[in-house]
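# Architecture at a glance
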Amino acid sequence: MTKKVRVGDIFVGGGESVKIQSMCTTKTSDVGATLAQIGALEKAGCEIVRVSVLDEADALAIGKLKSGINIPIVADIHFSAALAVKAIESGCDKVRINPGNIGGERQIKLVADCIRAHEIAVRVGANTGSVEREFLKKYGKNEFSLVESALASVAALEKYGVEDIVVSVKASSVPLTVMAYRLLASKTDLPLHIGVTEAGTEKMAVIKSAAALGALLVDGIGDTLRVSITDDPVKEVWAAKALLRAVGADKNFADVISCPTCGRCEWNSMALANEVSEYVKDCKKPLKIAVMGCVVNGPGEASDCDIGIAGSEKYCVIFKKGEIVKKIPADRAREEFFGELNGLLND
Ligand code: SF4
């Protein structure tokens, strides 16, 4: 199990639930726009938000942002120890820095002392684009250079007594991401932030992230995650929530099981499956609901579902745990099914 680290009012690692993270696309010093975006992210289920700090105005804006949000805020700073110190003093809950580019040993110590004094967390790590040159030379561009580079950043802060560290090793390649995190998890018990970097636009980004992060989460690797998408960051949160549900890390939701249909299907089960999915999308009750294409195979194929419906041209059946409990004419199927479903949802 990884070490538990406090980030603002929440904890990551140590068996805590995997926290969903995203990043604002607004200019941080535009407090109104950034607050609006964080508000939308929070509403979607984001649990930790990161903002870029490029100048003093961004660093100082963190204090104003803090009073208008309810989730921890992470300041992402590169190349300037002074900005990192300003962001920490401004009230961020965690900093994302790279000790290798912060300006040398004195600057690393300066930031490390500030992190400890304010008792906040820090994330360090390596992306394929930021691996330290010595490790690239030694190993080439692979999981070994990523992990060694990330662990060197950890050591650079531990040297000055920083303990609450989260680590990441991101690549845009799915196999490399998986291999790097598996290697990293075997070498440290610090909590890991997992993600595929530069994953692309929505469809491919979601698939790449599901492939890489899904494999890692099933292995028990990952304490916070981000599904990076070149789009509205709210989409990152929706995708991360769905991913946590798909791998069983979040069981408190209504899972809609629906068959793809085939030549045996004689009714519009696709339309009902979509309608039911939309209806229960915010449900936090652990339920399995089936919408199946045919009466012959449906109840059997979805036998572990709490409730289900399967249809034919003339009639539908409602079943519970694989047993048929009602047979109804097709034109009353939708109404009867929603009646039964509401009974379970409100139980
Ligand atoms: S449940 Fe029936 S309609 Fe759906 S895929 Fe199976 S056999 Fe085909």
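Residues numbered from 1 in each chain as written. Predicted model: local features only at pLDDT ≥ 70, side-chain atom pairs only at ≥ 80, totals over all residues. Heavy atoms only, no water.

### Things to note about helix α7 (residues 174-187)
Three- or four-residue spacings in an α-helix give side chains the same orientation, since the helix completes a turn every 3.6 residues. For α7, which comprises 14 residues, the first-to-last C-alpha distance of 20 Å matches the rise-based estimate of 20 Å (1.5 Å per residue) to within 8%. For α7, the set of buried residues is L176, T177, V178, A180, Y181, L183 and L184. On its buried face, α7 is in contact with α6 (143-158), β8 (165-170), β9 (193-195) and α8 (202-218). Where α7 begins, one side-chain oxygen reaches toward the backbone nitrogen of L176, 3.1 Å away; that side chain belongs to S173. (Helix = DSSP H or I, 4+ residues; strand = E, 2+ residues; numbered from the N terminus. Expected span 1.5 Å × (residues − 1). Buried < 20%, exposed > 50% of the residue type's maximum accessible area, 1.4 Å probe, protein only. Contact = heavy atoms within 4.5 Å. Polar contact = N/O pair within 3.5 Å; in protein donor to acceptor, adjacent residues only side chain to side chain.)

### Some thoughts on the site of the ligand
Surrounding the ligand, one finds C259, T261, C262, R264, C265, G293, C294, N297, G298 and E301. Looking at side-chain class alone, the shell around the ligand contains 4 nonpolar, 4 polar and 2 charged residues. (Near = heavy atom within 4 Å. Nonpolar A, V, L, I, M, F, W, Y, C, P; charged D, E, K, R; others polar.)

### Points about the layout of surface pockets
The volume enclosed by the largest pocket comes to roughly 570 Å³. Around the largest pocket sit 24 residues that line it, and S17, V18, L244, A249 and D250 are the ones nearest its centre. Broken down by element, the lining of the largest pocket gets its largest block of residues, 3 residues, from helix α9 (residues 233-246). For the lining of the largest pocket, the residue count by class is 10 nonpolar, 7 polar and 7 charged. In this structure, the second largest pocket occupies an estimated 460 Å³ of space. Lining the second largest pocket are 16 residues; nearest its centre among them are W238, K241, R245, K281 and D282. At the level of secondary structure, the elements contributing two or more residues to the lining of the second largest pocket comprise α1 (31-44), α9 and β11 (254-258). Tallying contributions element by element places α9 first for the lining of the second largest pocket, with 5 residues. Of the residues assigned to the lining of the second largest pocket, the class counts are 9 nonpolar, 1 polar and 6 charged. (1 Å grid on protein atoms, 1.4 Å probe; cavity = no way out; pocket = protein on both sides within 12 Å on 5 of 7 lines; lining within 4 Å. Points joined across faces, edges and corners; volume = space filled by probe spheres on them.)

### Structural notes on the pairing of strand β5 (residues 73-76)
Each regular strand displays side chains that alternate between the two surfaces of the sheet. Side chains I73 and A75 project from β5 onto one buried face, and the interleaved V74 and D76 project onto a second face that is buried too. Here strand β4 (residues 48-52) pairs with β5 via 4 bridges, running parallel. Along β5, the bridge assignment pairs V51 with A75. Traced from β4 through helix α2 (residues 56-66) to β5, the parallel crossover comes out right-handed. Across 3 bridges, the pairing between β5 and strand β6 (residues 94-96) is parallel. Each bridged residue has a counterpart across the sheet, and for D76 the counterpart in β6 is R96. Read from β5 through helix α3 (residues 81-90) to β6, the crossover connection turns out right-handed. (Pairing = 2+ DSSP bridges. Right-handed = clockwise from strand over helix to strand, strands pointing away.)

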